[in-house]
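The chain contents come next:
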Amino acid sequence: MRFAVSKSALIILLVFLAVLILHYSGIILPVENIAVKALTPIGAGFYNFSQKIQVIWKPKLSSENYEELQSEINRLVAKNVELKMLEEENQKLRDLLSFPKDDQYNLLVAKIIGRDPSLSNHFILDKGTRDGVQNNFSIISPEGMLVGKILKAEENISVIIIPTDANFQTAAVILEKTKKNTSGLVRGEKGLGIRMEFIPQDELIEIDDIVATSGLERSMPRGLVIGKIAEVKKEARNIFGEAIISPFIDYEKLSIVAVLLPKF
Amino acid sequence: MINLKRSEYIFKIASNAILVIFFSMVQANFLTALPWPWNFFNLILSIAIFITVILNYHRGLWFALFSGLIIDLFSFLPFGTMTCAMLATVIVTNSLFNNFFTNRSLYSLIILGFLGNVIYFVFFLFINLVFFTFNITNNLDIFFTAANLYGFFWQAVFNISLLTFLFLIFNFVSKKLKSVFY
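All values reported here derive from a predicted model rather than from experimental measurement.

## Some thoughts on the interface of chain A and chain B
Reasoning step 1: With 45 residues of chain A in contact, the opposing surface of chain B contributes 36 residues.
Reasoning step 2: Listing elements by their share of the side of chain A that touches chain B, those giving two or more residues are helix H1 (7–24), helix H2 (29–57), strand S1 (105–115), strand S2 (122–125) and strand S4 (146–153) of chain A.
Reasoning step 3: In terms of residues, the side of chain A that touches chain B owes the most to one element, H2 of chain A, which gives 13 residues.
Reasoning step 4: Considered class by class, the residues forming the side of chain A that touches chain B number 26 nonpolar, 12 polar and seven charged.

Okay, here's the thing in structure tokens:
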């Protein structure tokens, strides 16, 4: 078998090698930033086009206002959780009247301009470190639901992971009807779903209980809704139980999100 | 006369560059956002294989290089992963074509298209394995999922369909296509 690398193939491989060296040494970073900045509007256009196609693609449900109503439900669920959190917080702070309660985050509106070409659970935002974005910052939907967190922030763009991604994990609480607020760890399941682990066996959690962030993680405020309990898994031989979480939002349909920028 | 040739040359370079950017952006921002399994459609890979087998190996290499670099700019994976997989696919596909195939028929293209997809998949995993070994990436497990293997099947189906379509179109309007790619 004849396997020869031609002269032009050798030149191309050398060019590639040179680009790799220049990239990893950071020399061509300004050029890359210019290229990304120039290509971002084109990418955003294509991404928006794909979103529009998906609307046509997916069969419409009975009501024309379904999307609108679903969005309103999501917004109200988020609002409800926020109020529950506030109620709880107020209870704790009743005796601390001088406690300064300022909003600790600024909202930075960002557009989703695409997906990572190799990993479908990674979304690309049109905001980067130049806009104050840093790794692990939280991302929320327009209704206030958790969308994910920043995995990699570059100068002009950043990559986020959604809760279904295998690399995603965050501390969370289940807002039960008993108001016990059971803690656990939320993890993505290889892009297929969301699982909550380390739930104490004796906690009485039910289907449809709301799951929200617990605020234990830095840059992840308390009370961002992740989803609701769809299935509870408890086995007597295990110390902890697990639950499958069903998100309220369809991550595929998001085009605009907000990055939570800590004020401190 | 010389000026005319130079302007023609510049026009061809510019038109090829625009095509590369266009296809790369379609791949990075449009196809990947489509619902499953359409998001596994690898337009760039199909075009690279088509150019390599049907048109010109060297132009296939240049296409793989530039489209791969653009995709790498928007990829979470270590820079160079996609370009490396693309270049390796083009080189091995061309070698297979030279050694085992006698003509540029539709059957050759379909078989090479399938083999090209397998080669791309293998190189993609191999490169990530190398990066994982050297601690450059830490999420190797996400590639070895049933969904990804199933996605590979769909990628091959879509890519071969596109190659067949491109071949038929090329045969129909070959002169027009050649003026763009040559």
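## So, helix H5 (residues 106–133) of chain B
All names here are of chain B.
Reasoning step 1: For H5, spanning 28 residues, the distance from its first C-alpha to its last is 40 Å, which sits close to the expected 40 Å at 1.5 Å a residue.
Reasoning step 2: Those residues of H5 that fall on the buried side of the exposure criterion are Leu109, Leu112, Gly113, Gly116, Asn117, Ile119, Tyr120, Phe121, Phe124, Ile127 and Asn128.
Reasoning step 3: Two residues or fewer after H5 comes asparagine 135, characterised by a positive phi angle close to 60°.

## Side note on the packing of helix H3 (residues 57–73) of chain B against helix H4 (residues 81–100) of chain B
How two helices pack is summed up by the angle between their axes together with the distance between the axes.
All names here are of chain B.
Reasoning step 1: Close contact between H3 and H4 brings their axes to 7 Å; oriented N to C, the two are set at 165°. On the basis of the axis angle, H3 is roughly antiparallel to H4. For the pair H3 and H4, the crossing hand works out as right-handed. For the pair H3 and H4, contact is made by Tyr57, Gly60, Leu61, Ala64, Leu65, Ser67, Gly68, Leu69, Ile71 and Asp72 and by Thr81, Met82, Thr83, Met86, Leu87, Val90 and Asn94, respectively.
Reasoning step 2: When the residues that make up the contact of H3 with H4 are grouped by side-chain class, the tally is 10 nonpolar, six polar and one charged.

## Focus on unusual backbone geometry
Residue and element names in this part refer to chain A.
Reasoning step 1: With a phi close to 75°, asparagine 136 is a non-glycine residue in the positive phi region.
Reasoning step 2: Tracing the backbone through its elements, the reader meets asparagine 136 in the loop between S2 and strand S3 (138–140).
Reasoning step 3: Looking at asparagine 136, the number of C-beta atoms within 10 Å reads 13, which means it is partly exposed.
Reasoning step 4: The phi torsion at aspartate 208 lies on the positive side, around 80°, for a residue other than glycine.

## Here's the deal with the sheet that holds S4 of chain A
All names here are of chain A.
Reasoning step 1: In spatial order, the strands read S1-S2-S5-S4-S3-S12; together these six strands close into a barrel with antiparallel pairing. Averaged over all pairs of adjacent strands, the angle between strand axes in this sheet comes to 45°, irrespective of strand direction.
Reasoning step 2: Where S3 and S4 come together, three bridges link them in antiparallel fashion. Within S4, the residue paired with isoleucine 139 across the bridge is glycine 148.

## Looking at the sheet that holds strand S10 (residues 225–233) of chain A
Reasoning step 1: Taken together, the six strands give a closed barrel; going around it, the order is S6-S7-S8-S11-S10-S9 (chain A), and neighbouring strands pair in antiparallel fashion. Averaged over neighbouring strand pairs, the angle between their axes works out to 40° when direction is ignored.

## Section: the packing of H1 of chain A against H3 of chain B
Reasoning step 1: Running from amino to carboxyl end, H1 of chain A crosses H3 of chain B at an angle of 10°, the nearest separation of the two axes being 9 Å. By the angle between their directions, the pair H1 of chain A and H3 of chain B is classed as roughly parallel. Judged by residue contacts, Ser8, Ala9, Ile12, Val15, Phe16 and Val19 of chain A of H1 of chain A engage His58, Leu61, Trp62, Leu65 and Leu69 of chain B from H3 of chain B.
Reasoning step 2: Of the residues contributing to the contact of H1 of chain A with H3 of chain B, the split by class is nine nonpolar, two polar and no charged.

## So, the pairing of strand S8 (residues 194–200) of chain A
Residues and elements named next belong to chain A.
Reasoning step 1: One ladder, built from four bridges, connects strand S7 (residues 182–188) with S8; its direction is antiparallel. By the bridge assignment for S8, leucine 185 is matched with glutamate 197.
Reasoning step 2: Looking at chain direction, S8 and strand S11 (residues 240–246) are connected through five bridges and run antiparallel. Note on S11: the bridge partner recorded for isoleucine 194 is isoleucine 245.

## Quick word on the confidence of the model for chain A
All names here are of chain A.
Reasoning step 1: Here chain A averages 81 in pLDDT, while 84% of its residues score no lower than 70.
Reasoning step 2: Across chain A, the secondary-structure element scoring lowest on mean pLDDT is helix H3 (residues 66–93), at 74, and the one scoring highest is S3, at 91.
Reasoning step 3: Note on residues 95–102: pLDDT under 50 across the span, and one contact to partners over four residues away in sequence or across chains.

Reading the values: rules and limits
Residues numbered from 1 in each chain as written. Chains lettered and ligands numbered in written order. Predicted model: local features only at pLDDT ≥ 70, side-chain atom pairs only at ≥ 80, totals over all residues. Contact = placed C-beta atoms within 7 Å. Helix = DSSP H or I, 4+ residues; strand = E, 2+ residues; numbered from the N terminus. Nonpolar A, V, L, I, M, F, W, Y, C, P; charged D, E, K, R; others polar. Expected span 1.5 Å × (residues − 1). Buried ≥ 20, exposed ≤ 12 C-beta atoms within 10 Å, placed from the backbone. Axes fitted to C-alpha atoms, helices over the stretch in contact; angles between N-to-C directions. Parallel < 35°, antiparallel > 145°, perpendicular 65-115°, else oblique. Left-handed = near helix turned anticlockwise from the far one by under 90°. Pairing = 2+ DSSP bridges. pLDDT = per-residue confidence, 0-100.

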